[in-house]
Amino acid sequence: MSAPAWLLRGARVVDPAQGRDEPLDVLVRGGVVAEVGVGLDAAGATVLDVAGALLAPGLVDLHAHLREPGEEHKETIATGTRAAAAGGYTAVAAMANTSPVSDRAAVVRAVRELAEATGACDVFPVGAITKGQQGETLAEIGELVEAGVRLLSDDGRCVASARVLRNALTYARAFAEPVVIADHAEDPDLVEGGQMHEGVHSVALGLAGRPAEAEEVIVARDLAIARMTGGRLHLCHLSSARAVELVRRAKQEGIRVSAEVTPHHLTFTDEDLRDYDTNLKVNPPLRTAEDREALRDALVDGTIDAVATDHAPHAVEEKEVEFDRAPPGTIGLETALAVVLTELVAPGRIDLLRAIDALSTTPARILGASEHGGPIAPGRPANLVVVDPEASWVVEPPFVSKARNAAFLGRRLRGRVVHTLLRGRPTVLDGKVVA
Ligand code: NCD
Ligand code: ZN
């Protein structure tokens, strides 16, 4: 069955790949963009009147924990990708800290098959850097890359051994395809037992701290090893001003590094933990207002390349416990775009084109997801999102995700996904998930 034809009429087309931001019609036929222009003829296509809406390339997430295989009580590929579609995503990188760990081709293939059978967006399985994410011996990186993996990460755990990281970054250079080594940059010894950012608020709340220096020292180390090896490094969920400054200087020096930031680190600070809300317990922890400002500046100037959700679903009974017993993580796929629109675009902190670039075009390039991220041009796969920028809503259950541990719970956001198209097929239509 061929995909239906749609005429998306009158939206503000925001397409970072072409530096384009103007009202246009987009005709979608046979799963691809057929025409982009003014006053297009419907020619038998179903017309979607999207005047006043934003039309962008479908979003791409570099960092989502979909939990399958092994922790299906938290999330599954079916529920996680539906949450992604609801948030405007057409592609997500599925983190490797599953059970079993995605450290060999068999697991990657299983994830991909599940995604093809049950998924509502494209899933790019991330491979582990080390066997079992134990940090000791390299995973079957050769067979992972052969199976199509382009992003390798032990996320959830820092690659603690500099020697192991060196070997991974060196090995990553051996492939014809660009292979990226993504590190969760927190020194395990410095954060041992820590529950939140170490500072005046951790002291006041009586919680053990995870100092910003834990990120700083690992980022400095990782950058040095990236320089030494020439391997391609990516830094997950940066949270601190000093780490950002190190990345800024490394980029000036020509080191091959990219970095991401989450919507929650762009919004909250350690002060917000005053009520011991376990939904705000995340790794790395929420830091100070100065750190948050530095993250925002870095996203604007491109020091931080992408916004990634770090969607980390947990079951209700796991999160509704004492703060120091709760697992870290917040869900994020359904809210990321609205958070960026509300917190950064609406106040004029970042322009819309750069915001979409950081949510779609740039992460697609880092992931090697060539069908995603635009350009919105004839012949290109119709992976698109339509957003009502004025729609105001409160983050509350029910969520499309199986989980409800949302840092943004109860917050009012502006900007809501109206339609998401995956290769021309709606996964979200009129605000409802239909995939
Ligand atoms: C993640 C998880 O739950 O898997 N939790 C988190 O707080 N970010 C692991 C991770 O990304 O560090
Ligand atoms: Zn992490």
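Position numbers for residues count from 1 along each chain, tracking the sequence in the order it is written. Each chain is given a letter, starting from A, and each ligand a number, starting from 1, according to the order in which they appear as written. Totals for whole chains, interfaces and linings use every residue, but because this is a predicted model, local features are given only for residues with pLDDT of at least 70 and side-chain atom pairs only at 80 or more, for both listing and counting. Side-chain figures throughout are based on the complete set of non-hydrogen atoms in the structure, without hydrogens or water.

K.L.:
Can you lay out the site of ligand 1 for me, pointing to particular residues and giving the numbers?
P.N.:
For ligand 1, the set of nearby residues contains 15 residues, the closest of which are R67, D155, H184, N283 and D310. Interatomic distance of 2.7 Å between a side-chain N/O atom of R67 and an oxygen atom of ligand 1. Contact with the protein chains hides 94% of the accessible area of ligand 1, taken as 310 Å² for the molecule alone. For the shell around ligand 1, the residue count by class is three nonpolar, nine polar and three charged. Any residue with a non-hydrogen atom lying within 4 Å of a molecule or strand is treated as near it. In the analysis that follows, any N or O atom pair within 3.5 Å is treated as a polar contact, provided that within protein one partner can donate a hydrogen and the other can accept it, and provided that, for residues neighboring in sequence, both atoms belong to side chains. A 1.4 Å probe and the Shrake-Rupley method give the accessible areas. Residues count as covered only by the protein chains that appear here. Three classes are used: nonpolar for Ala, Val, Leu, Ile, Met, Phe, Trp, Tyr, Cys and Pro, charged for Asp, Glu, Lys and Arg, and polar for all others, with Gly counted as polar.

K.L.:
I'd like to hear about the environment of D15, residue by residue, with values.
P.N.:
Helix and strand labels come from DSSP, where a helix needs a run of H or I of at least four residues and a strand needs a run of E of at least two; each type is numbered from the N terminus. Take D15: it is sitting in strand β1 (residues 6-15). Along the chain, D15 and L352 lie 337 residues apart, while their C-alpha atoms are 9.8 Å from each other. Ignoring any residue separated from it by four or fewer positions in sequence, one finds D15 in contact with R20, P57, L353, G374, P375 and I376. Of the polar contacts made by the side chain of D15, one reaches the backbone nitrogen of I376; its length is 2.8 Å. Note on contacts: a residue pair is in contact if any heavy atoms of the two residues lie within 4.5 Å.

K.L.:
Could you give an account of the coordination of the zinc ion (ligand 2), naming the residues involved and the relevant values?
P.N.:
Ligating atoms shown are N, O and S within 2.8 Å of the metal, or 3.2 Å for Na, K and Ca, and water is not included, meaning a site may look less than complete. The coordination sphere of the zinc ion (ligand 2), as far as protein atoms go, consists of D155 (OD), H184 (ND1) and H237 (NE2), spread over 2.0 to 2.2 Å. All donors to the zinc ion (ligand 2) come from one chain, and their sequence spacing reads D-x28-H-x52-H. Of this pair, H184 sits in the loop between β10 (180-183) and α5 (188-191) while H237 sits in the loop between β13 (232-235) and α8 (241-253), and the two are 53 residues apart along the sequence.

K.L.:
Which residues make up the packing of aromatic side chains, and what values do they have?
P.N.:
Each aromatic pair joins two rings of Phe, Tyr and Trp (for Trp, the six-membered one) with centres within 6.5 Å, and gets the label stacked for planes under 30 degrees apart, edge-to-face for over 60, and tilted for any other angle. Under the definition given, this model contains three aromatic pairs. Between Y171 and F175, the ring centres sit 5.2 Å apart and the planes meet at 35°, which makes this aromatic pair tilted. Per-residue accessibility, obtained with a 1.4 Å probe over protein chains only, is compared with the maximum for each type, and a residue is labelled buried under 20%, exposed over 50%, and partly exposed between these values. For Y171, a relative accessible area of 32% translates into the label partly exposed. In this structure, R416 packs its charged tip against the face of W393, placed 3.9 Å from the ring centre. Consider the ring centre and the ring normal. A charge sits over the ring if Lys NZ or Arg CZ is within 6 Å of that centre and within 35 degrees of that normal.

K.L.:
Describe in detail unusual backbone geometry, supporting the description with residues and values.
P.N.:
Cis rather than trans, the peptide bond between G374 and P375 has omega equal to 0°. Among the structural elements, P375 can be located in the loop between α13 (352-367) and β16 (384-394). With an omega dihedral of 5°, the bond running from P397 to P398 counts as a cis peptide bond. Here P398 lies in the loop between β16 and β17 (412-422). We note that A43 has phi near 45°; this positive angle belongs to a residue other than glycine. Relative to the helices and strands, A43 is located in the loop between β3 (32-37) and β4 (46-49). A relative accessible area of 45% places A43 in the partly exposed class.

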